[in-house]
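Observations on chain architecture
Residue-level listing of the chains:
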Amino acid sequence: MPRELHFYEKKTPRRGLLRGAGLCALGLAVTGGTGGAYVNEEMGAAPSGERLRRIEASPHWRDGAFRNLLDVPDFTGKRRSSWRAMLDFLTDRTVGIEPTVRVPSIKTPLADVREGELLWLGHSGFFLREAGLSILVDPALGAASPVPFAFKPFSGADVYQPADLPAADLLLITHDHYDHLDYLTIRAIKDRVRRVVCPLGVGAHFEYWGWPAERITELDWFESTRAGERLLVTLVPSQHFSGRTLKRNTTLWGGFVLEFAASGDAAAKTLYLSGDGGYGPHFSTIARRWPTIDLAVLEDGQYNTDWSTIHLMPAHWRQALQDLSPKRVMPCHNAKYALSRHVWTEPLETALESARVLGVPAALPKIGQAFDWASGADMSAAWWPKQP
């Protein structure tokens, strides 16, 4: 009996789209923010009007694009072009890039997630209940591309579908790449989310997809907004880039700091979500501004020497963790998609070793496992197979 198709595999094929050209375009869409020589709704819309005027007033906008705090190259490969590097990436068949067994996971009903618990949806997606709020973060549940045949989730990492997501008070989006801003998921939850908070310009995609402007809050780096009675959300810098088409960096990218104020028996808590990005001085800046981070969720995966400035290489992940000095750390951006050429378990192994060396407790939940994110309890047991 043939298996049931996942929601992201049920899309109508686009006529005239060649598989080879599509794969090249899709690879760039994920790692370089390009969408290929075709247009469809999933690519969203460019900022315009008052939104564009606000963007142009940002201190981080220069010469028609957003800029990182440091002027770093996106491509760091040696003795070859970025196009050659992308071709190598798309044709790499290194053993272990994708799992040979089902990724261990748990499908906890999201309605069962309790106050104070965080649940990993895989990659950089999360569901959190805190301060009476239900919060979704980067819920990319389908293929990390605008077509369903490329960059699909690993078996076992795809246990959640958009229908499983409950109503949410807040949706946080770190940037507009396909593995973070998933059109099919966003379309499905439009009527179940009260408010979106995202970086400057990203709201243009949401409005194009039918989300009312009054439900969208866009922030520049170090701008904040309140949600509910106890939560302050601040967008913080990351060293990355953006784009869903050939034109890059017309929208901002970043991470979030979530500060939950104390109330009654509930203590104050701080959660840091790094978003995507390479190593830079922003980690030290964040640590100085928020010296007590209960949990740092730090991107760890899809790195490569060809793009070492825009994703954290293992040594840089350790340095970022040392800079932040949180009470506990959780690696993310792994175990769901093959968007680079490393063995899929490598980021988890290196993160665990770095946390042990630095003496920072690690939180290593399985996909779908809810846990008390601010408890500081040890969760460093390796759940992934020794033979990837």
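As a starting point, this report considers the structure included with it. Owing to the predicted nature of the structure, the values given are computational and were not obtained by experimental measurement.

**Points about the packing of aromatic side chains**
In this structure the tally under the stated criterion is 12 aromatic pairs. Considering the side-chain rings of Phe 260 and Trp 373, the 5.9 Å spacing of their centres and the 55 degrees angle between planes classify their relative orientation as tilted. Linking Phe 260 in strand β11 (residues 255-260) with Trp 373 in the segment after β15 (370-372), this pair joins segments that are 113 residues apart in sequence. Cation over ring: Arg 244 sits above Tyr 178, and NZ or CZ is 4.0 Å from the ring centre. One Lys or Arg, Arg 248, reaches over the ring of Phe 241 and ends 5.0 Å from the middle of that ring.

**Some remarks on the pattern of salt bridges**
Side chains bearing opposite charge may pair, as long as their charged atoms lie close to each other. Per the counting criterion, the structure on display carries 12 salt bridges. Here Lys 269 makes a salt bridge to Glu 130, at a shortest N to O gap of 3.2 Å. Here Lys 269, found in strand β12 (residues 269-273), pairs with Glu 130, found in strand β4 (residues 125-130); they are 139 residues apart in sequence, far enough to count as distant. Given a relative accessible area of 18%, Lys 269 falls into the buried group. On the basis of relative accessible area, Glu 130 is assigned to the buried category, the value being 2%. The network of salt bridges with common partners includes Arg 51, Glu 207 and Glu 218.

**Quick word on the sheet that holds strand β6 (residues 170-172)**
On the basis of which strands lie adjacent, the open sheet formed by 7 strands has the order β8-β7-β6-β5-β4-β3-β15 and mixed pairing. The open sheet has two free edges, formed respectively by β8 (216-219) and β15, since each of these has just one partner strand. Averaged over all adjacent pairs, the angle separating strand axes in this sheet is 20 degrees, with direction ignored. In this sheet, strand β7 (residues 196-199) lies alongside β6 in parallel orientation, the contact comprising 2 bridges. When the bridges of β7 are listed, Leu 172 appears paired with Val 197.

**Looking at the pairing of strand β14 (residues 329-332)**
Along β14, one buried face is formed by Val 329 and Pro 331 and the opposite face, lined by Met 330 and Cys 332, is buried too. Across 4 bridges, the pairing between strand β13 (residues 295-299) and β14 is parallel. Along β14, the bridge assignment pairs Leu 298 with Pro 331. With helix α7 (residues 314-324) bridging β13 and its parallel neighbour β14, the resulting β-α-β unit is right-handed.

**Some points on the side chain of Thr 217**
Looking at the element boundaries, Thr 217 is found in strand β8. Apart from the residues within four sequence positions on either side, Thr 217 is in contact with Arg 195, Val 196, Val 197, Cys 198 and Thr 225.

**Regarding the pairing of β4**
Taken across its 6 residues, β4 has 6 buried, putting it largely inside the fold. Residues Gly 125, Phe 127 and Arg 129 point to one face of β4 and Phe 126, Leu 128 and Glu 130 to the other, with burial holding for every one of them. Examined bridge by bridge, strand β3 (residues 117-122) and β4 share 5 bridges and lie antiparallel to one another. Residue pairing for β4: Leu 118 is matched across the bridge by Leu 128. The pairing of β4 with strand β5 (residues 133-137) spans 5 bridges and is antiparallel. Across the sheet, Leu 128 pairs through a bridge with Ile 135, a residue of β5. Following β4, the chain reverses through 2 residues before pairing antiparallel with β5; Ala 131 in that reversal takes a positive phi of roughly 55 degrees.

**So, the environment of Pro 281**
Along the polypeptide, Pro 281 turns up in the loop between β12 and α6 (282-289). Note: C-alpha distance between Pro 281 and Asp 323 (42 residues apart in sequence) is 9.1 Å.

Definitions and limits used
- Residues numbered from 1 in each chain as written.
- Predicted model: local features only at pLDDT ≥ 70, side-chain atom pairs only at ≥ 80, totals over all residues.
- Heavy atoms only, no water.
- Phe/Tyr/Trp six-rings, centres within 6.5 Å; stacked < 30°, edge-to-face > 60°.
- Helix = DSSP H or I, 4+ residues; strand = E, 2+ residues; numbered from the N terminus.
- Lys NZ or Arg CZ within 6 Å of the ring centre and 35° of its normal.
- Salt bridge = Lys/Arg side-chain N within 4 Å of Asp/Glu carboxyl O.
- Buried < 20%, exposed > 50% of the residue type's maximum accessible area, 1.4 Å probe, protein only.
- Pairing = 2+ DSSP bridges.
- Axes fitted to C-alpha atoms, helices over the stretch in contact; angles between N-to-C directions.
- Right-handed = clockwise from strand over helix to strand, strands pointing away.
- Contact = heavy atoms within 4.5 Å.

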